Amino acid sequence: MSNLFRKKQIGDLLNKREGSGLKQSLGAFDLIMLGVGAIVGTGIFILPGTVAATHSGPAIVFSFIIAAFVCALAGMCYSEFSSAIPVTGSAYTYGYIVFGEIIAWLVGWALVLEYGLASASVATGWSSYLISLLEGLNITIPHSLSGPFDPAGGTYINLPAVLIVLAISYLLSRGMQESAKINKIMVFVKVGVILLFIVVGVFYVKPDNWQPFMPFGFDGVLAGAALVFFAFLGFDAVSAAAEEVKNPQRNLPIGIIGSLLVCSLLYITISLVMTGIAPYTDLNVSNPVSFVIQLVGQDWIAGVISLGAVTGMMTVILVMLYGGSRLLFAIARDGLLPKVLYKVNPKSQSPVFNTWIFGVAVAFCAGFIPLSKLAELVNMGTLIAFMIVSIGILFLRKNKDIPAGGFKVPLFPVLPILSFFACLFLITQLSVDTWIACGIWFVIGLIFYFIYGRKNSKLIH
């Protein structure tokens, strides 16, 4: 049993960072752009409308504030870990240090699910927006190639979703510096589109549409918070870039907290404008942002917004695929996954094979599997990781091997404990089906660990 909880030493991890072969090329602004690229996507272009219509009403702004508060607490805990231990692997690596191997494996397994399903589900949403955009240009993709495998419904593969995942996997295989440059351009485009919506839409706001403000009561606001939490996923992927960051003690906290702050302001503002333009009951559509702009007769802006949505979702796929590939890199380096996933291409200085393995798996899910019912499962995996990181700060502070300096969570130990219970509360808001599906995923993970990982762990060699 003691072997299951064997821990890593911080000194060993920092030595691995220096000899990893990954190029340290990212600054604070790159990280903020990565964070905004990961966070602003499906959450801002789809979720505000559907959650307002079915759970929160105009009070969805409170749902976003609650979700942002929970993420901010977890974000500060991530910031302390990432500045103290600037090594790739995110919550998986942090769990390995403070709780031991079996907990780290379960957290890593949960994060593989988060990054994989989030990438696939966003690719599916991207496909819907692209098809809508192309139809506006009188270009039609055959129905059989525009949805998951469903012969009864006449669809066999979501080809656009498959192609975008493979295209972004190719971009990532070229190296992180090139990927970061493309990401910056796409982030500027989508933030510009969002600001255009806000500036134009504010002139069409009718305060009467905010009445009743909380039609489903505070329970609806809390249920909405558990769902829109999905909209903030991605900031934790910033910590996955730790080994490729210049001056990580300074830049990682700026990247994590800065991206959360920018996205929170965008979400709250766009929700107020959206529910002010149209009654919340009309917003249960797949493209609520462009829908409300069309209602006020600004069709050309609706077209620009659809283009921005297509661009915006591409950055989410990019950062999620990146986070997943670096997670597999860290786990394989520890011997818990086959070592081929740890190989770095000397030319691009990135784990090319591992990137393609993860990309092809995500492309398969995006192309053939309907993922609408699995979005909550992404939230479950993420919240488990957040809980581990939050409570882990209590143990990290006791470790005397931590380098001096770096970000520290304020009001210690109150905020880490509050973060842990806030994440636990949001987990209780998820459905029973999500709990069952998550349990099955963890059972599969434990079987793989006991068959392969436990015997090949680098800590016993």
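Residues numbered from 1 in each chain as written. Predicted model: local features only at pLDDT ≥ 70, side-chain atom pairs only at ≥ 80, totals over all residues. Heavy atoms only, no water.

J.: Looking at this structure, how should I read the packing of aromatic side chains?
T.: In this description, a pair of aromatic rings is defined by centroid distance and the angle of the planes. Considering all chains together, one arrives at 20 aromatic pairs under this definition. Judged by centre distance (5.5 Å) and plane angle (75°), the rings of Phe62 and Phe213 are edge-to-face. In this pair, Phe62 is assigned in helix α5 (residues 60–84) and Phe213 in the loop between α9 (176–201) and α10 (217–228), connecting sequence segments 151 residues apart. For Phe62, a relative accessible area of 35% puts it in the partly exposed group. Here Trp105 and Tyr449 contribute two aromatic rings whose centre-to-centre distance is 6.0 Å and whose plane-to-plane angle is 35°, an arrangement assigned as tilted. Note that Trp105 is positioned in helix α7 (residues 101–136) and Tyr449 in helix α18 (residues 432–456), a separation of 344 residues in sequence. Grouping aromatic residues by their ring pairs yields a cluster made of Trp105, Trp109, Trp441, Phe448, Tyr449, Phe450 and Tyr452. One Lys or Arg, Arg397, reaches over the ring of Phe412 and ends 4.1 Å from the middle of that ring. (Phe/Tyr/Trp six-rings, centres within 6.5 Å; stacked < 30°, edge-to-face > 60°. Helix = DSSP H or I, 4+ residues; strand = E, 2+ residues; numbered from the N terminus. Buried < 20%, exposed > 50% of the residue type's maximum accessible area, 1.4 Å probe, protein only. Lys NZ or Arg CZ within 6 Å of the ring centre and 35° of its normal.)

J.: Just to check I follow, could you spell out the side chain of Thr155 for this structure?
T.: Counting through the fold element by element, Thr155 comes out in the loop between α7 and α8 (159–173). At 2.7 Å, the side chain of Thr155 and the backbone oxygen of Pro148 are in polar contact. If near-sequence neighbours (up to four positions away) are discounted, Thr155 is found in contact with His143, Ser144, Gly147, Pro148, Phe149 and Asp150. (Polar contact = N/O pair within 3.5 Å; in protein donor to acceptor, adjacent residues only side chain to side chain. Contact = heavy atoms within 4.5 Å.)

J.: What am I meant to see in the nonpolar core here?
T.: Nonpolar side chains tend toward joint burial in soluble globular proteins. Ranked by internal contacts, the top residues of the largest apolar core, which has 153 residues, are Tyr78, Ile85, Phe197, Phe229, Phe235 and Ile317. No other element matches the 19 residues that α7 contributes to this core. In contact with Phe235, other than residues within four places in its own chain, are Ile39, Cys71, Ala74, Gly75, Tyr78, Ile256, Ser259, Leu260 and Phe386. (Core = buried A, V, L, I, M, F, W, Y, C linked by side-chain atoms within 4.5 Å.)

J.: What is the right way to read helix α15 (residues 352–368) from this model?
T.: Because an α-helix packs 3.6 residues into every turn, residues spaced three or four apart end up facing the same way. Taking 1.5 Å of rise per residue, 17 residues should cover 24 Å, and α15 covers 24 Å from first to last C-alpha, within 8% of that figure. Restricting attention to buried positions, one finds in α15 the residues Val352, Asn354, Thr355, Phe358, Gly359, Val362, Ala363, Ala366 and Gly367. Packed against the buried residues of α15 are α7, α8 and α14 (299–333). (Expected span 1.5 Å × (residues − 1).)

J.: Got a minute to help me understand unusual backbone geometry in this structure?
T.: With an omega of -10°, the peptide bond running from Gln211 to Pro212 counts as cis. By secondary structure assignment, the location of Pro212 is in the loop between α9 and α10. Going from Phe412 to Pro413, the amide bond is cis rather than trans, its omega being 5°. Within the secondary structure, Pro413 is located in the loop between α16 (375–396) and α17 (414–428). The backbone phi angle of Asn247 is positive, close to 50°, even though this residue is not glycine. Of note, Asn247 is situated in the loop between α11 (235–239) and α12 (248–277). Of note, the phi angle at Leu411 is positive, near 55°, even though the residue is not glycine. Secondary-structure assignment places Leu411 in the loop between α16 and α17. By relative accessible area, which is 61% here, Leu411 ends up exposed.

J.: Which parts of the structure should I look at to understand the pattern of salt bridges?
T.: Once the charged atoms of two side chains with opposite charge are near each other, the side chains can pair. Under the defined criterion, the tally for this structure stands at four salt bridges. With its nearest N and O atoms 2.8 Å apart, the salt bridge here joins Glu101 to Arg6. With Glu101 in helix α7 and Arg6 in the segment before α1 (10–18), this residue pair connects regions lying 95 residues apart in the sequence. Classification of Glu101 by relative accessible area gives buried; the value is 0%. Arg6 sits in the buried class, given a relative accessible area of 11%. (Salt bridge = Lys/Arg side-chain N within 4 Å of Asp/Glu carboxyl O.)

J.: Please clarify how the state of the cysteines should be interpreted in this entry.
T.: Between two cysteines, a covalent bond joining their sulfur atoms is known as a disulfide. Taken as a whole, this structure holds zero disulfides when the rule is applied. Sulfur of Cys77: no disulfide; nearest cysteine sulfur belongs to Cys423 and is 8.5 Å away. Between Cys423, a free cysteine, and Cys71, which holds the nearest cysteine sulfur, the sulfur-to-sulfur gap is 7.6 Å. (Disulfide = S-S within 2.5 Å.)

J.: Which parts of the structure should I look at to understand the environment of Gly324?
T.: Relative to the assigned elements, Gly324 resides in helix α14. According to the relative accessible area criterion, Gly324 is buried, its value standing at 1%. Each C-alpha atom of the pair Gly324 and Phe358 lies 7.1 Å from the other, and the pair is 34 residues apart in sequence. Residues in contact with Gly324, not counting those within four places in the same chain, are Tyr115 and Phe358.

J.: Explain a nonpolar patch on the surface here, please?
T.: A cluster of nonpolar side chains, namely Phe149, Tyr156, Phe364, Phe368 and Ile369, defines an oily patch on the protein surface of about 480 Å² accessible area. Assignment of secondary structure puts Ile369 in the loop between α15 and α16. Owing to a relative accessible area of 33%, Ile369 belongs among the partly exposed residues under this scheme. (Patch = residues over 30% accessible without salt bridge, like charges linked within 9 Å, V, L, I, M, F, W, Y side chains within 5 Å. Areas by Shrake-Rupley, 256 points an atom, 1.4 Å probe, with all protein chains shown as cover.)

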